[in-house]
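These are the residues of each chain, in order.
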Amino acid sequence: MTPAHHIQRAASGVGDTGAAVVMSRRMTLVLALTCAVAVGNLYFPQALIPLVAEGLHTSPDAASLVVTATNIGYTAGMFLLVPLGDRIPPRSLLVTLLALTGLGLLAAGCAPTLPLLVAAGAFTGFTTVAAQIVGPLAAGLVAADRRGAVIGTLLSGSIGGMLLARAFGGALGERLGWRAPYVVAAALVLLLVGVLARTVPATTAPSRQPFRELLTEPLRLLRTEPDLRRSCFYQATVFAAFSAVWTCSALLLTGPVYGMGAQAVGLLALVGGATMLCTPLAGRIADRRGPDPVNLVCMLAVLVSAAVLAAGARGGTPGLTALVTGTLLLDVAMQSGMVANKARIYALRADARNRLNTAYMTCAYLGGSAGSWLGVQIYGRAGWRGVCTLVALLAALGAAGCLGRLRRPAPDAA
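In this report, we go over the structure that sits alongside the text.

Description of the overall build of the protein chain
Right, on to step 1. Counting its regular elements, the protein chain contains 17 helices and zero strands.
Right, on to step 2. Put simply, the protein chain has 414 residues, and 54% of those count as buried.
Right, on to step 3. The long-range fraction of contacts in the protein chain, counting pairs at least 24 apart against all pairs at least 6 apart in sequence, stands at 81%.
Right, on to step 4. Carbon and sulfur atoms provide 67% of the accessible area of the protein chain, an area that totals close to 17700 Å².

Okay, here's the thing in structure tokens:
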């Protein structure tokens, strides 16, 4: 029997657990790398804006449309393409999307004008949703008691791609010009296509629903699956707090309290690299104890981070130390909660994991957008301490929900 057959049997619940564990470990590195490359495609253009503006003889504001278009494309891809993971065999979908992403990156690297670069960026964002498809795929290829650990490892790959992409784009762009990062990224993606085509097992799609029904299914799942709604609520509150802090930290660091440059925000973001070590641990704890205790600890950690971050308003070395410590704690809590919530929703329905993920990620991003907007509004009226108060309130809401769930008896209790 081939390794792919072992995985298929284990994923369907008829194979032995040992086979699933062995195969998941062999494939985890490739799938984590896929997440890193796919997510990195969203972030490395951010470091290229000044170089694009100079190279195409336009303003930085106009050049920033490339990043905006890439993010809009990504949002559209989550709505329109991720649900297809339940209708199209995952390997075929992954290979096709990444091949299109590689072509989009090449087109961007060769774009002679800004409008064409913006269009190529939107197309690249639309197709680089591989990380959102890898998660449900991996959840079906491993034993249930290792699902959280594997999801945590994949999320570490996404975090690594997010953090390293800006440094990669900026360093390579400064040395070889803004087109070079696009071309190198295209080569990496196309190389990954060949690797995935040979390593990902050929599995069948769990659903035969028409495309129109797949698009509306996430809304129906939100109505019918209470555990999905809880996961969405938890992550929306934490992601709102996370977005409020990171949006307003740029205002704080570049304002009169610290008087730093924009590069200081990027350096502060590097502290999030520690979450790459924490997310697999959070996944293993979720496997052993369930996602609810992990969610509660994460909410309490966000509450503590709000108190620590408030000291950042003082400025100077003590304030900067508080910002570093508080943002690290917040990052770990947000990403660990992401692992626990994804482990919960992937266990709900094996035939609808991509649609569950679509609903979940959409709610999380809506929460993040609301948090970013609220944070800016509050910062203008109440300053940094007002933003920290918002973070504390959001954490308290989430913690109340977690406590209510933990105190409630299990549905199958006698």
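After presenting the structure, the write-up continues.
Observations regarding the packing of aromatic side chains
Right, on to step 1. Counted by the stated rule, this structure contains five aromatic pairs.
Right, on to step 2. Aromatic side chains W178 and Y182 sit 6.1 Å apart centroid to centroid with 85° between the ring planes, which places their arrangement in the edge-to-face category.
Right, on to step 3. The class for W178 is buried, based on a relative accessible area of 6%.
Right, on to step 4. The buried category is assigned to Y182, whose relative accessible area is 4%.
Right, on to step 5. Each ring, one from F233 and one from Y234, has its centre 6.1 Å from the other, and the planes form 55°; the classification is tilted.
Right, on to step 6. Here F233 falls in the partly exposed class, since its relative accessible area comes to 37%.

Concerning the packing of helix α6 (residues 90–110) against helix α8 (residues 130–141)
Two packed helices can be described by the angle between their axes and the distance between those axes.
Right, on to step 1. Running from N to C, α6 and α8 point in directions that differ by 165°, and their axes come no closer than 10 Å. Classified by the interaxial angle, the pair formed by α6 and α8 is roughly antiparallel. The two elements α6 and α8 cross, and the hand of that crossing is left-handed. Across the interface between the two elements, P90, L93, L94, L97 and L98 from α6 touch A130, I133, V134 and L137 from α8.

Observations concerning the nonpolar core
Right, on to step 1. With 78 residues, the main nonpolar core has L31, V52, L117, L154, Y182, L196 and L228 as its most contacted residues.
Right, on to step 2. Per-element tally for this core: the top contributor is helix α2 (residues 17–43), with nine residues.
Right, on to step 3. When residues no more than four places from it in sequence are discounted, the contact partners of V52 are H57, T58, A63, L114, L117 and W178.
Right, on to step 4. Within the second largest apolar cluster, 38 residues are counted, among which are A241, C298, A340 and L390.

Section: the side chain of E217
Right, on to step 1. Secondary-structure assignment places E217 in helix α11 (residues 211–224).
Right, on to step 2. Here E217 falls in the buried class, since its relative accessible area comes to 6%.

Structural notes on the side chain of E225
Right, on to step 1. As for its placement among the helices and strands, E225 is situated in the loop between α11 and α12 (226–254).
Right, on to step 2. R349 provides the closest opposite charge to the buried, salt-bridge-free E225, at an N-O distance of 5.0 Å.
Right, on to step 3. Apart from residues no more than four positions distant in its own chain, E225 is found in contact with L348 and R349.

Some thoughts on the environment of R91
Right, on to step 1. By secondary structure assignment, the location of R91 is in helix α6.
Right, on to step 2. As for R91 and V200, which are separated by 109 residues in sequence, their C-alpha atoms are 6.1 Å apart.
Right, on to step 3. Beyond its immediate stretch of four places on either side in the chain, R91 contacts L196, A197, V200, P201 and A202.
Right, on to step 4. Polar side-chain contacts of R91 include one of 3.2 Å to the backbone oxygen of V200.

Calculation rules
- Residues numbered from 1 in each chain as written.
- Predicted model: local features only at pLDDT ≥ 70, side-chain atom pairs only at ≥ 80, totals over all residues.
- Heavy atoms only, no water.
- Helix = DSSP H or I, 4+ residues; strand = E, 2+ residues; numbered from the N terminus.
- Buried < 20%, exposed > 50% of the residue type's maximum accessible area, 1.4 Å probe, protein only.
- Contact = heavy atoms within 4.5 Å.
- Areas by Shrake-Rupley, 256 points an atom, 1.4 Å probe, with all protein chains shown as cover.
- Phe/Tyr/Trp six-rings, centres within 6.5 Å; stacked < 30°, edge-to-face > 60°.
- Axes fitted to C-alpha atoms, helices over the stretch in contact; angles between N-to-C directions.
- Parallel < 35°, antiparallel > 145°, perpendicular 65-115°, else oblique.
- Left-handed = near helix turned anticlockwise from the far one by under 90°.
- Core = buried A, V, L, I, M, F, W, Y, C linked by side-chain atoms within 4.5 Å.
- Lys, Arg positive; Asp, Glu negative; His and termini not counted.
- Salt bridge = Lys/Arg side-chain N within 4 Å of Asp/Glu carboxyl O.
- Polar contact = N/O pair within 3.5 Å; in protein donor to acceptor, adjacent residues only side chain to side chain.

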